[in-house]
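The primary structure of each chain is shown beneath.
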Amino acid sequence: MRDGFISVACGAPKLRLADCDYNAEQTFTMMRAAEKAGVKVLVLPELGLTGYTCGDLFYQEALLRGAEQALATVLEATRNLEVVTAVGLPLRVEHRLYNCAAIIQKGEILGVVPKTHLPNYGEFYEKRWFSPAPEGKPFFVDGICGQTVLFGAGQRFWCNEIPELVLGFEICEDLWAPEPPSVRMARGGAVVIGNLSASNEVLGKAAYRRQLVTAQSAKLLCGYLYGSAGEGESTSDVVFGAHQMIAENGALLGERRFDGGLLISEIDVQRLSFERRRTQGLEPLETGEGGCFSLTLSPTKLTRYVAPLPFVPEDRESRDERCREILLMASMGLKHRLEVTGAKTAVVGLSGGLDSTLAVLMTGLAMKLLDRPVTDIIAVTMPCFGTTDRTKNNAVLLAERMGAVLKTVDLSASVRAHFRDIGHDPEIRDVTYENAQARERTQVLMDIANQTGGLVIGTGDLSELALGWCTYNGDHMSMYAVNSSIPKTLVRHLVAHLARDRESLHDVLEDILNTPVSPELLPAVQGEISQKTEDLVGPYELHDFFLYYMLRWGFAPGKIYRLAVHALGKQYSEEIIRKWIKVFYRRFFTQQFKRNCVPDGPKVGSVGLSPRGDWRMPSDASAALWMAEAEKL
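Keep in mind that this is a model prediction, so the values were computed, not measured.

Novice: Explain the overall build of the protein chain here, please?
Specialist: For the protein chain, the helix and strand inventory stands at 20 helices and 22 strands. The C-alpha extent of the protein chain, read off along each of the three principal axes, is 100 × 50 × 40 Å. Considering only contacts in the protein chain between residues 6 or more positions apart, those separated by 24 or more positions represent 74%. Counting only carbon and sulfur atoms, one obtains 49% of the accessible surface of the protein chain, whose full area is about 26600 Å². Averaging the coordinates of the 68 positive side-chain charges in the protein chain and doing the same for the 77 negative ones gives two points 2 Å apart.

Novice: Help me out: how do you make sense of the sheet that holds strand β14 (residues 244-248) in this one?
Specialist: The strands making up a sheet associate through backbone hydrogen bonding, with each pair oriented either parallel or antiparallel. Taking strand neighbours across the sheet as the criterion, the seven strands line up as β15-β14-β13-β12-β11-β10-β17 in an open arrangement whose pairing is mixed. Of all strands in the sheet, those with a lone pairing partner are β15 (251-256) and β17 (290-293), marking the two edges. Across the sheet, the axes of successive neighbouring strands diverge by a mean angle of 20 degrees, strand direction being ignored.

Novice: Looking at this model, I keep getting lost on the sheet that holds strand β19 (residues 377-381). Mind explaining?
Specialist: What the five strands build is an open sheet, ordered β20-β19-β18-β21-β22; its pairing is parallel. The open sheet has two edge strands with one neighbour each: β20 (405-408) and β22 (480-481). Taken together, the four bridges between strand β18 (residues 345-349) and β19 define a ladder with parallel strand orientation. Bridging across to β19, A346 finds its partner in I377. In this fold helix α7 (residues 316-341) packs onto β18, β21 (454-458) and β22, with an angle of close to 155 degrees to the strand it touches most, β21.

Novice: What am I meant to see in helix α18 (residues 574-590) here?
Specialist: Because each turn of an α-helix spans 3.6 residues, side chains separated by three or four positions in sequence point in the same direction. Helix length check: α18 (17 residues) gives 25 Å between terminal C-alpha atoms against 24 Å at 1.5 Å per residue, within 8%. Those residues of α18 not exposed but buried are I577, W580, I581, V583, F584, Y585, R587, F588 and F589. Summarising the contacts, the buried residues of α18 are in contact with α12 (462-467), α15 (533-537), α16 (540-551), α17 (557-568), α19 (592-595) and α20 (624-631).

Novice: How should the nonpolar core be read in this particular structure?
Specialist: A general tendency of soluble globular proteins is for nonpolar side chains to be buried together. Core analysis: the biggest nonpolar cluster contains 89 residues, and L398, F545, F546 and F588 have the highest contact counts within it. In this structure, Y52, I144, V149 and A229 belong to the second largest nonpolar core, which totals 47 residues.

Novice: It is not clear to me how helix α2 (residues 61-77) should be interpreted in this structure. Could you clarify?
Specialist: If you check α2, its first and last C-alpha atoms are 24 Å apart, about what 17 residues at 1.5 Å a residue would give, namely 24 Å. Here α2 has its buried residues at L63, L64, G66, A67, A70, L71, V74 and L75. As for α2, its buried residues are in contact with α1 (20-36), β3 (84-93), β4 (96-105), β5 (108-114), β8 (139-144) and β9 (147-151).

Novice: Where do I start with the packing of α18 against α20 in this structure?
Specialist: Two quantities define a packed helix pair, namely the angle between the helix axes and the distance between the axes. One way to put it is that α18 packs onto α20 with a least axis distance of 10 Å and a crossing angle of 170 degrees. In this view, α18 runs roughly antiparallel relative to α20, as classed from their interaxial angle. Mapping the contact onto sequence places K582, Y585, R586 and F589 in α18 and W626, M627, A630 and E631 in α20. Across the contact of α18 with α20, the residue classes break down as five nonpolar, no polar and three charged.

Novice: Whenever I open this one, the packing of aromatic side chains confuses me. Can you help?
Specialist: Here a ring pair, both rings aromatic, is described through the centre-centre distance and the interplanar angle of the planes. Taken as a whole and judged by the stated rule, the model has 20 aromatic pairs. Among the aromatic residues, those joined into a cluster by ring pairs are F546, F584, Y585, F588, F589, W615 and W626. One cation-aromatic arrangement involves K559 over F555; the distance from NZ or CZ to the ring centre is 4.0 Å.

Novice: Can you help me understand the environment of T85 in this one?
Specialist: By the element assignment, T85 lies in strand β3. Residue T85 is classed as buried on the basis of its relative accessible area of 0%. Sequence separation of T85 and T590 is 505 residues, and the distance between their C-alpha atoms is 48 Å. In this structure the side chain of T85 is engaged in a polar contact, spanning 3.4 Å, whose partner is the backbone oxygen of V83.

How each quantity is defined
Residues numbered from 1 in each chain as written. Predicted model: local features only at pLDDT ≥ 70, side-chain atom pairs only at ≥ 80, totals over all residues. Heavy atoms only, no water. Helix = DSSP H or I, 4+ residues; strand = E, 2+ residues; numbered from the N terminus. Contact = heavy atoms within 4.5 Å. Areas by Shrake-Rupley, 256 points an atom, 1.4 Å probe, with all protein chains shown as cover. Lys, Arg positive; Asp, Glu negative; His and termini not counted. Charge placed at Lys NZ, Arg CZ, Asp CG, Glu CD. Pairing = 2+ DSSP bridges. Axes fitted to C-alpha atoms, helices over the stretch in contact; angles between N-to-C directions. Expected span 1.5 Å × (residues − 1). Buried < 20%, exposed > 50% of the residue type's maximum accessible area, 1.4 Å probe, protein only. Core = buried A, V, L, I, M, F, W, Y, C linked by side-chain atoms within 4.5 Å. Parallel < 35°, antiparallel > 145°, perpendicular 65-115°, else oblique. Nonpolar A, V, L, I, M, F, W, Y, C, P; charged D, E, K, R; others polar. Phe/Tyr/Trp six-rings, centres within 6.5 Å; stacked < 30°, edge-to-face > 60°. Lys NZ or Arg CZ within 6 Å of the ring centre and 35° of its normal. Polar contact = N/O pair within 3.5 Å; in protein donor to acceptor, adjacent residues only side chain to side chain.

Here it is in structure tokens:
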């Protein structure tokens, strides 16, 4: 359960219709397998101790007694097991028969949850045998396997050791209903919902179930475990495929069909709890009725997939779709800003690097949306001490092929004059040497914008903003920062997407993509770039990973490090990840003063650093807590 990860599973044991002893054995055998695998919460199929398709056998005293005896057998056989398990069976309460989930652990029944919504259509006629869950609050019932048990829908089950872990359970059709019981349970605090199901297979139904499960987990900001019946159910008129799914906040973590056994993954209850606090989207209800259970705290082995590039979709189709959407949103934002300000030109400093390339390409898209000529873009290349022929030539070539107005302003003389003015020795290649160039570039851009009645379009991206990798009042400043919410790992894919789209620009964009990221503020060595950003601040793959999990989910350094090792451990050693996570936190806190006075820019993703919206933090906040945890890794 370390870091809020709870190992959960859905199981589909083999069964024999109406053979309760056999089904009990299969049930406790699967519970033992789950316990051995470290599972803490297990959901088994609807009416699993009898079989769902028993039909009018549910009227038979022998079957009902057999089901209760089977539950007693399971309780006895698992009295030493810690896994909290939802077992399906028919139960008689106050002269009525209910389709129930018995929630059990260590030989005890924590509660019994009856099904609320009974289907009465197609192949399913449950109202013929069962009653819907009684209205009103749950009540105690004596004599279920010799125990006094709370009975009723909507119960929640709290873990004593993990406050964020609260369970709720519903049964099959409950999820299909307009008002599923899980809504009330989630509003009462449940973060993991289990569904015991017996849903048959017909064409298209699996996809629909998948939509229901993932959508419910998204709407309720919860983990959702769906375990359906499989082998052993009657195939007289229908087929059951043991469809099992585990979802979390809209994402499908695992899925199996036509294959029994256990589907295991981990639900991150810390993450769900954070999202509920952040959004405040679930109007809380009174805590309500339920039971408590205890778990031994132990590490949870991670089996779930963690994307190494959380900002970048992995499949080509999704990535292209995201690129198209981002380009449209950002260019629409810039279009509107140019429109309302009446700007005659858009001035972009073009270095031949990725960020400025993306900025000028999006400015071109904005001009197209405005039905204005590309000649309203003034692309300014400003060579100085560290500029290489490669980057300068690429900047010139890009501007020319786009059709933008190109201006070349060599800064060498003006920067040397500035050094003389302030008494700085140009042989001292320190921060003054570098930042004087960056500020001179910004001054040139601002003055050209004044000359032409235009706006300076910023080129800095989200990753640079997070690390403070910009010169205060230099490239830190612009009149509209079009890249400001786009992380560096995504910038590359956006440029690559446009390279595939534009034949006339393809070659130059490909060369820009293959150029090392650099501010080019130190002299080149034998004509090659001498100053590589990732050598100085660390790999952007790692920093974007740290940034995503810190800002989007509020994770602490230890948890982010664990996830980074899990996702990126093949590319980077643990030592390297530890080194750069410390750099990330140190820079993130010390550079907040730059972020507190950045220009406007369009928000395109769920993570942003604008002080007017996404991230409000004092410039003098202490990093001590975060650095102390990072040092202990």
